[in-house]
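# Close look at the chain arrangement
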Amino acid sequence: MENALWDRLSVDVRVEVDRLIAAERNVQAIVLMRERAELPRPGLRECVDVLNQRLTVLRERSASPG
């Protein structure tokens, strides 16, 4: 996934963000991104954009066979 904020998150944070999104804990996922991204601190809109992109990716993964 191409996204500047996503690229600034560590692998561990990315995994946790995906886990929170899958658990429908979107607010917690946004808080985690804002707290753990490398500086500068991302804004709410930037985090929501990542959230929406990850929702799409995760839905596509769950819909694909295999």
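See the structure printed just above.
As the structure is a computational prediction, the values presented were derived from the model and not from experiment.

### Regarding the pattern of salt bridges
When charged atoms on two side chains of opposite charge get close, those side chains can pair. Applying the stated criterion across every chain, the model contains 5 salt bridges. A salt bridge links R14 to D7, with the nearest nitrogen and oxygen atoms 4.0 Å apart. Judged by relative accessible area, R14 falls into the partly exposed class, the value being 24%. Look at D7 and you get partly exposed, because its relative accessible area is 48%. As a salt-bridge pair, R54 and D18 come within 2.7 Å of each other at their nearest N and O atoms. Of this pair, R54 sits in helix α4 (residues 44-63) while D18 is found in helix α2 (residues 11-22), placing the two residues 36 residues apart along the sequence. For the pair formed by R54 and D18, the shared burial category is buried.

The rules behind each value
- Residues numbered from 1 in each chain as written.
- Predicted model: local features only at pLDDT ≥ 70, side-chain atom pairs only at ≥ 80, totals over all residues.
- Heavy atoms only, no water.
- Salt bridge = Lys/Arg side-chain N within 4 Å of Asp/Glu carboxyl O.
- Buried < 20%, exposed > 50% of the residue type's maximum accessible area, 1.4 Å probe, protein only.
- Helix = DSSP H or I, 4+ residues; strand = E, 2+ residues; numbered from the N terminus.

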